[in-house]
Amino acid sequence: MHQLIIAIQAQGEYLLKNDYLPFWNIYHAQLAVGYYNKFSNNTVVENYYGGEIGNIGTSKTVGDLIGNYAIGFTQINYGKIGLKAHGEVGGGLKIGYQYGEFSDVNYYADQKQKYGYKETLYYHGLVLEPTIFYRFGWEHFRIGLQLSGCYAPSFVKYKLLYNPITGGISFTYRF
């Protein structure tokens, strides 16, 4: 016997301007809707469909790359629930398509270009993010620890900077 449950997943980040991020406030926001199947052997399969929007600002000695992006994705997770302290452990994979529009101010420009060269770059690529996680807590509220990878192959000649491995803490409330 299994139980199908509808779920909403939301996530966001907002970083203020500082010495390391001098361009503008950096953000991303993600929203997904999906479902999960809870089986009698305490395993769960989750499937989400969603989108993410955000911006990127990066710099190197000779130039800047600044712009906005959007990602459409699907995410599937598999895990084990019912462990001690309402624990849950599992892994997942997020697969998406990313589109972005960026201002290149001498960032990718050939060194022969004059200072002040500016071009609009249109980015298209995939996003592949495997994740492992552990959640613990109470009946309705959980604290989660996760480790994620990111691989973002580009369909154009330019590549975006991304962190290949990230970690995080999450807070989950289930009604």
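About the criteria used
- Along each chain, the written sequence defines residue order, and numbers are assigned to residues from 1.
- Only residues with pLDDT of at least 70 get local features here, since the model is predicted, and only at 80 or more are side-chain atom pairs given and counted; chain-wide, interface and lining totals rely on the full set of residues.
- Side-chain measures here rest on the full set of heavy atoms in the structure, leaving out hydrogens and waters.
- DSSP calls a pair of strands paired once it identifies at least 2 bridges connecting them.
- Runs of H or I in DSSP of at least four residues are treated as helices and runs of E of at least two as strands, each being numbered from the N terminus.
- Salt bridges are counted wherever a side-chain nitrogen of Lys or Arg sits within 4 Å of a carboxyl oxygen of Asp or Glu.
- Summary of the burial criterion: residues with accessible area below 20% of their type's maximum are buried, those above 50% are exposed, and those between are partly exposed, where the area comes from a 1.4 Å probe applied to protein chains only.

Student: Where do I start with the pairing of strand 7 (residues 141-149) in this structure?
Tutor: Consecutive side chains along a regular strand alternate between the two faces of the sheet. The pairing of strand 6 (residues 118-137) with strand 7 spans seven bridges and is classified as antiparallel. Among the inter-strand pairings, Gly-137 is bridged to a residue of strand 7, identified as Arg-142. The hairpin formed by strand 6 and strand 7 contains three residues between the paired strands. Taken together, the nine bridges between strand 7 and strand 8 (residues 165-173) define a ladder with antiparallel strand orientation. Of the residues in strand 8, the one forming a bridge with Phe-141 is Tyr-173.

Student: Explanation requested: the pattern of salt bridges in the structure shown.
Tutor: Side chains that carry opposite charge are capable of pairing whenever their charged atoms lie near each other. Scanning the model with the defined rule gives five salt bridges in all. The salt bridge involving Arg-135 is made with Glu-88; its shortest N-O contact spans 3.0 Å. Placement of the pair is Arg-135 in strand 6 and Glu-88 in strand 5 (residues 87-105), with a sequence separation of 47 residues. The class for Arg-135 is buried, based on a relative accessible area of 13%. The exposure class of Glu-88 is buried, given its relative accessible area of 4%. A salt bridge links Lys-94 to Glu-129; the nearest nitrogen and oxygen atoms lie 3.6 Å apart. Here the residue Lys-94 occupies a position in strand 5, and Glu-129 occupies one in strand 6, the gap between them amounting to 35 residues. The exposure class of Lys-94 is buried, given its relative accessible area of 6%. Connected through shared salt-bridge partners, Glu-46, Glu-88, Arg-135 and Arg-142 make up one network.

Student: I tried to follow unusual backbone geometry on my own but got confused; where do I start?
Tutor: Trans is the prevailing form of peptide bonds, just as negative phi is the prevailing case for residues other than glycine. If you check the backbone angles, Asn-42 has positive phi at about 65 degrees while not being a glycine. For Asn-42, the location among the structural elements is in the loop between strand 2 (26-39) and strand 3 (43-60). Here Asn-42 falls in the partly exposed class, since its relative accessible area comes to 34%. A positive phi angle, close to 55 degrees, is found at His-86, a residue other than glycine.

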